[in-house]
Amino acid sequence: MRINGRRALVMNNLTYTPLIYIQSNGECYIETGVLNKDVSIEMHLVTQIKNANECLWCSRDGWQVNTFSAFVENGINLRVDLGDTLYNVMNVKDKTEMVIGCSNGVVKIDGSTVFTTSPKKFYNYNYITLLDSRIGSDEPITDHSNNANFWLKGCKIWQGGTLVRDFIPALKLRTEAGLLDRVSGDFYTSPNGAKFNYKL
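Novice: So what exactly am I meant to see when it comes to the pattern of salt bridges here?
Specialist: Side-chain pairs of opposite charge can arise where the charged atoms are in close proximity. Under the defined criterion, the tally for this structure stands at 7 salt bridges. For the salt bridge of Arg 79 with Asp 81, the shortest nitrogen-to-oxygen distance reads 2.7 Å. Residue classification places Asp 81 among the buried positions, given a relative accessible area of 2%. For the salt bridge of Arg 182 with Asp 166, the shortest nitrogen-to-oxygen distance reads 3.4 Å. Of this pair, Arg 182 sits in the loop between β18 (176–181) and β19 (187–188) while Asp 166 is found in strand β17 (residues 162–172), placing the two residues 16 residues apart along the sequence.

Pasting the structure below:
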């Protein structure tokens, strides 16, 4: 079956329309439900620089504590935070499509390694949030000053080498935009009720 020229996906008896991307309206984020324990992530995005600090993904106890996070700072610098250390990885440009991959010690862009460091020890583990920063696992969002407005085209997360999330942007029942997990069939929207912008 096709909807608006795109092949529909049926998972858990619900119909979804794949999207080109979803984009935060300034408050949207995704709670993945995955802890930053033995984890790696790969995010497919197109930068939409707004000269602020924008969070790609985040999991941390506090500032520079048990953190597995990535930010674009001041519209230019890709920063990856591991354990208690912040690493400036590279400069990025506006409206650039890329796949950013990260494990505990290796950062890849479009499959090529651009940064390596020794793996960091984590003392606690917290859930990973996409497109906004979080502290802890109970009340994740401190504010939306780090909310990212990139075009999110997909995201994969592995834990212990096993793929546990394979997110693609999709419309649920032609009305609600979010991320469809092709591993579980679950559909994720912003927990605060904010609505994603999107492109079919």
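Next comes the rest of the write-up.
Novice: Can you help me understand the packing of aromatic side chains in this one?
Specialist: Aromatic rings in a pair are described by how distant their centres are and how their planes are angled relative to each other. Following the criterion strictly, the structure yields 6 aromatic pairs and no others. Plain terms: the ring middles of Phe 167 and Tyr 188 are 5.0 Å apart, the flat faces sit at 80 degrees to each other, and that makes the pair edge-to-face. With Phe 167 in strand β17 and Tyr 188 in strand β19, this residue pair connects regions lying 21 residues apart in the sequence. Since its relative accessible area comes to 1%, Phe 167 is described here as buried. Looking at Tyr 188, the relative accessible area reads 15%, which means it is buried.

Novice: When you look at the layout of surface pockets in this model, what are you seeing that I'm missing?
Specialist: If a probe the size of a water molecule is rolled over the atoms, the empty space left behind becomes visible. The volume enclosed by the largest pocket comes to roughly 170 Å³. Lining the largest pocket are 16 residues, and of these His 44, Lys 153, Gly 154, Phe 167 and Ile 168 lie nearest its centre. Contributing elements (two or more residues each) for the lining of the largest pocket: β7 (39–46), β16 (151–159) and β17. For the lining of the largest pocket, the per-class residue count stands at 9 nonpolar, 2 polar and 5 charged.

About the criteria used
Residues numbered from 1 in each chain as written. Predicted model: local features only at pLDDT ≥ 70, side-chain atom pairs only at ≥ 80, totals over all residues. Heavy atoms only, no water. Salt bridge = Lys/Arg side-chain N within 4 Å of Asp/Glu carboxyl O. Buried < 20%, exposed > 50% of the residue type's maximum accessible area, 1.4 Å probe, protein only. Helix = DSSP H or I, 4+ residues; strand = E, 2+ residues; numbered from the N terminus. Phe/Tyr/Trp six-rings, centres within 6.5 Å; stacked < 30°, edge-to-face > 60°. 1 Å grid on protein atoms, 1.4 Å probe; cavity = no way out; pocket = protein on both sides within 12 Å on 5 of 7 lines; lining within 4 Å. Points joined across faces, edges and corners; volume = space filled by probe spheres on them. Nonpolar A, V, L, I, M, F, W, Y, C, P; charged D, E, K, R; others polar.

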